[in-house]
Structures are given as C-alpha cells and as structure tokens.
Amino acid sequence: MTEFSHIPVLRDEAVTMLQPRDGGVYLDGTFGGGGYAKAILDAADCRLFAVDRDPAAVARGRELEREYPGRFEICEGRISNISELLAEREVFALDGAVFDLGVSSYQIDDPARGFSFRHDGPLNMQMGSSEMNAETLVNFCPESELADILYEFGEEKAARRVAKAIVERRKVQKFTTTSDLAGVIRSVVRADKSGLDPATRSFQALRIAVNEELTDVEAALEQAAAMLKLGGRLVVVSFHSLEDRIVKQFFAAGAGRLPGASRHDPAGLLAQAKPRFALVTKTPVTAGAAELNANPRARSAKLRVMERLAA
C-alpha cells in the first residue's frame, strides 16, 4: 500500500513508548499519512481509533479500515473534539494515545494546499474544509492583529514590519498565491545565519492561526489524558517551540512538577494532591543521525511521554 510508505518522524520510538498490547484500545490523534497507525496495528492485536480533520487523510484512513477490518476506524474531526468523537463510538477509556503534531508531509508537499512557499500555490493553508483560509486572513485582517499573529505564532521579531508591508501591498493588489506573499515578506525580513528562509516564521504563524492549532492541542491533551486507564501512556511529538512548550507544561502539571506555593502563601499549608501521571521521558527524545540524514524535517522533533498513575 504505497499511501503508507512514508515513514513519519520518530515513528519507531513513538510506538515503542506507547507499548501497544493485544486487546488494548488506542488513539492516533493525528492520522495524517497513516504511518503511526499502521505501525501500532502491526505491533499488537489491538483496536485503534484515529482522528483527522483533513478529508484527504480521512480517505487514506478508509483504505486502512479495509486492511484492518474490525480493528481500525478513522474519525473525521478536530483533535479538540476527540472525547465527543470517541463517545459516539462508545469508547470512554484508552490504553494509550499518540499525537504527531503540526502539518503533515502530505499537506506540505501538495502545492494546491498552500502550506509551503517552495512551490507556488493558492493561499489556502486549511487542514480541514471549514476554516477561514490564509488568503482571507492576509487580505482582510487588521494590521495590528496581523502583527500580533506573526509575533505570537511565528515568533517573528520583524512582525510589525511584515504586517505593515502586507497591508501596504494589499491596498494595491490583493494576495492570492504563496510565492507572492513570500516575496513581500522577504523584502522586509533579512536572511539570518541559520539559513532559514525569511518567510518561514510568518508562514508558520498564518498556518497556526488559520487552523487554531494551539488551542486544539491544549484541548486534545486534556481530553486524551482524562481518558487514559491506569498505566496508559500519552505520547506526543511536537515540531516547534510553541507546541512543545504547551506539551512540556501540561506534562509537568500532570506529574506535579509545577512550582509549589510560596511559604508566605496560605495555600502552601494545604495538602498537595498526589500526581496523576509520571514522566516517562525526563528530557525529550530526538531523532538520531540516520533519521536526520534521511529526513531533515526531523531535526526539530521532540517526543515526550507520560503515564497514568491514578484516577
């Protein structure tokens, strides 16, 4: 099945950490190309539910359903709705869940999806079919709001200059293509020593804003963690600092690793609740040399794992 020949980043490490077992029930919260899902299904005689908002990914999932009848089901929807999607299928507890966050290679490599500036395409960036697209955002978002998006979601230091340049240009001609937008961004952002294209951070910011990715991640972690059985594991692979910060802080809170109350604060006298989770990975797992050579996109990937200790 050629659709599943693409090997996602840290696939083997993620599946090993998930520890799928026969008879278990698992969630792949970000189906994408199906690489994680197929590896989990091959690792154990388990049931697996996968979620994706992308109609193209759901179509790939239908193929996998036929390959693993009765063991696999693809659910179309957002990861912020996983508890509802699983409840519709009478699934209320999980032996483990895995998330491979961010944009998939299938989305990046298709110029028609408009996620990348490497090939000219429409300013789309929609992971699903119901989001506002990037063209609308770029052409109609107020300058101050656009600058905030670029700074907050792209960590672009030149956010105000980029927003001003976009607004000035759209007064003359609206943006419709990725290369057109990238060209304007490059005109005001200098290339740095990292070799990163000057448009990279802005494109990341617009994609995150269009798809509301960070709020989706926060909701997905809460819901998946709440459904884990005793000993169940939550495995998350993130690709940029904003995602990883959310995951790291969520895991720290679950494991009781957040700073305690000050000794001058009366709350510090109250008994502290026992941690509900244990950190399986004290520091994130990253890709090895072989994977980095085969897939440069793996260089920013970080894998974190925690395990349910108590209800």
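Thresholds, definitions, all that
Residues numbered from 1 in each chain as written. Predicted model: local features only at pLDDT ≥ 70, side-chain atom pairs only at ≥ 80, totals over all residues. Heavy atoms only, no water. Helix = DSSP H or I, 4+ residues; strand = E, 2+ residues; numbered from the N terminus. Rg over C-alpha atoms; globule rule 2.2 N^0.38 Å. Contact = heavy atoms within 4.5 Å. Areas by Shrake-Rupley, 256 points an atom, 1.4 Å probe, with all protein chains shown as cover. Lys, Arg positive; Asp, Glu negative; His and termini not counted. Charge placed at Lys NZ, Arg CZ, Asp CG, Glu CD. Buried < 20%, exposed > 50% of the residue type's maximum accessible area, 1.4 Å probe, protein only. Pairing = 2+ DSSP bridges. Axes fitted to C-alpha atoms, helices over the stretch in contact; angles between N-to-C directions. Phe/Tyr/Trp six-rings, centres within 6.5 Å; stacked < 30°, edge-to-face > 60°. Salt bridge = Lys/Arg side-chain N within 4 Å of Asp/Glu carboxyl O. Expected span 1.5 Å × (residues − 1).

### A short note on the overall build of the protein
In terms of regular secondary structure, the protein is built from 13 helices and 7 strands. For 311 residues, the compact-globule estimate of 2.2 N^0.38 gives 19 Å, and the protein sits close to it at 21 Å. Of the contacts formed within the protein by residues at least 6 apart in sequence, a portion of 68% connects residues at least 24 apart. In the structure as shown, the protein presents an accessible area of about 15,100 Å², 52% of it carried by carbon and sulfur atoms. Taking the average location of the 40 positive side-chain charges in the protein and that of its 44 negative ones, the two points are 6 Å from each other.

### A look at the pairing of strand β1 (residues 25-28)
Residues Val 25 and Leu 27 point to one face of β1 and Tyr 26 and Asp 28 to the other, with burial holding for every one of them. Note: β1 against strand β2 (residues 47-52), 4 bridges, orientation parallel. Its bridge partner being in β2, Tyr 26 is matched across the sheet by Leu 48. In this sheet, strand β4 (residues 94-100) lies alongside β1 in parallel orientation, the contact comprising 3 bridges. Each bridged residue has a counterpart across the sheet, and for Leu 27 the counterpart in β4 is Ala 97.

### Digging into the sheet that holds β1
With mixed pairing, the 7 strands of this open sheet are ordered in space as β3-β2-β1-β4-β5-β7-β6. Across the chains shown, the open sheet's two edge strands, defined by having one partner strand only, are β3 (72-76) and β6 (277-279). Taking each pair of neighbouring strands and ignoring which way they run, the sheet shows an average axis angle of 20°. Strand direction decides the pairing type here: strand β5 (residues 228-238) and strand β7 (residues 302-308), joined by 6 bridges, are antiparallel. By the bridge assignment for β7, Arg 233 is matched with Glu 307. Contacts from helix α3 (residues 55-67) reach β2 and β3, with the element oriented near 165° to β3. Docked against the sheet, helix α12 (residues 241-254) engages β5, β6 and β7, running at close to 20° with respect to β7.

### Focus: the packing of aromatic side chains
Under the definition given, this model contains 3 aromatic pairs. Measuring from ring centre to ring centre gives 5.7 Å for Phe 31 and Phe 72, while their planes differ by 35°; the resulting arrangement is tilted. Placement of the pair is Phe 31 in the loop between β1 and α2 (35-43) and Phe 72 in strand β3, with a sequence separation of 41 residues. Since its relative accessible area comes to 2%, Phe 31 is described here as buried.

### Overview of the pattern of salt bridges
Applying the stated criterion across every chain, the model contains 23 salt bridges. Here Arg 89 makes a salt bridge to Glu 73, at a shortest N to O gap of 2.7 Å. Within this pair, whereas Arg 89 is found in the loop between α4 (82-87) and β4, its partner Glu 73 is found in strand β3, the two being separated by 16 residues in sequence. Classification of Arg 89 as partly exposed rests on a relative accessible area of 25%. For Arg 201, the salt bridge is made with Glu 156, and the minimal N-O distance between the two is 3.2 Å. Pair noted here: Arg 201 is in helix α10 (residues 200-211) and Glu 156 is in the loop between α7 (143-154) and α8 (159-172), with a separation of 45 residues, a long-range link. A single network of salt bridges, built from pairs that share partners, joins Arg 53, Arg 78, Glu 212 and Asp 216.

### What about α12?
Helix length check: α12 (14 residues) gives 20 Å between terminal C-alpha atoms against 20 Å at 1.5 Å per residue, within 8%. Residues of α12 that are buried: Leu 242, Glu 243, Asp 244, Ile 246, Val 247, Phe 250, Phe 251, Ala 252 and Gly 254. Contacts made by the buried residues of α12 are with α7, α10, α11 (213-227), β5, β6 and β7. Count one or two residues on from α12 and you reach Gly 256, which has phi positive near 70°.

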